[in-house]
Amino acid sequence: MLGGVLWSDPDPDPEAGPPEDLRRTQVMLRRLGVLMALAMIVAMAVLGVDTLPP
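Residues numbered from 1 in each chain as written. Predicted model: local features only at pLDDT ≥ 70, side-chain atom pairs only at ≥ 80, totals over all residues. Heavy atoms only, no water.

Student: Requested: an account of the overall build of the protein, with residues and values cited.
Tutor: Of the regular secondary structure elements, the protein holds one helix and zero strands. For the protein, the computed accessible surface area is about 5200 Å², with 67% contributed by carbon and sulfur atoms. (Helix = DSSP H or I, 4+ residues; strand = E, 2+ residues; numbered from the N terminus. Areas by Shrake-Rupley, 256 points an atom, 1.4 Å probe, with all protein chains shown as cover.)

In structure tokens:
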């Protein structure tokens, strides 16, 4: 993880954590990344792309 605070807060409290909307956005982007990776694997399988060398 990154060591710094990624959001604007005049009095940063390291125990408080990120705001709720940022937390929801991070979860959504993580799920989207997993979905995109699975979609790429399925697409390669359907199209017959050979990912391993002969």
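Student: Outline a nonpolar patch on the surface, supporting the account with residue identities and numerical values.
Tutor: A grouping of Met 28, Leu 29, Leu 32, Leu 35 and Met 36 is seen on the molecular surface, where their side chains present a nonpolar patch of about 530 Å² in accessible area. Summarising the element assignment, Met 28 is placed in helix H1 (residues 20–47). By relative accessible area, which is 53% here, Met 28 ends up exposed. (Patch = residues over 30% accessible without salt bridge, like charges linked within 9 Å, V, L, I, M, F, W, Y side chains within 5 Å. Salt bridge = Lys/Arg side-chain N within 4 Å of Asp/Glu carboxyl O. Buried < 20%, exposed > 50% of the residue type's maximum accessible area, 1.4 Å probe, protein only.)

Student: How would you sum up the pattern of salt bridges? Please name residues and give values.
Tutor: Where side chains of opposite charge bring their charged atoms close, a pairing between them can arise. Considering all chains together, one arrives at one salt bridge under this definition. Salt-bridge contacts for Arg 23 lead to Glu 20; the nearest nitrogen and oxygen are separated by 3.0 Å. Pair noted here: Arg 23 and Glu 20 are both in helix H1, with a separation of three residues, about one helical turn. Taking relative accessible area as the criterion, Arg 23 reaches 33% and is therefore assigned partly exposed.

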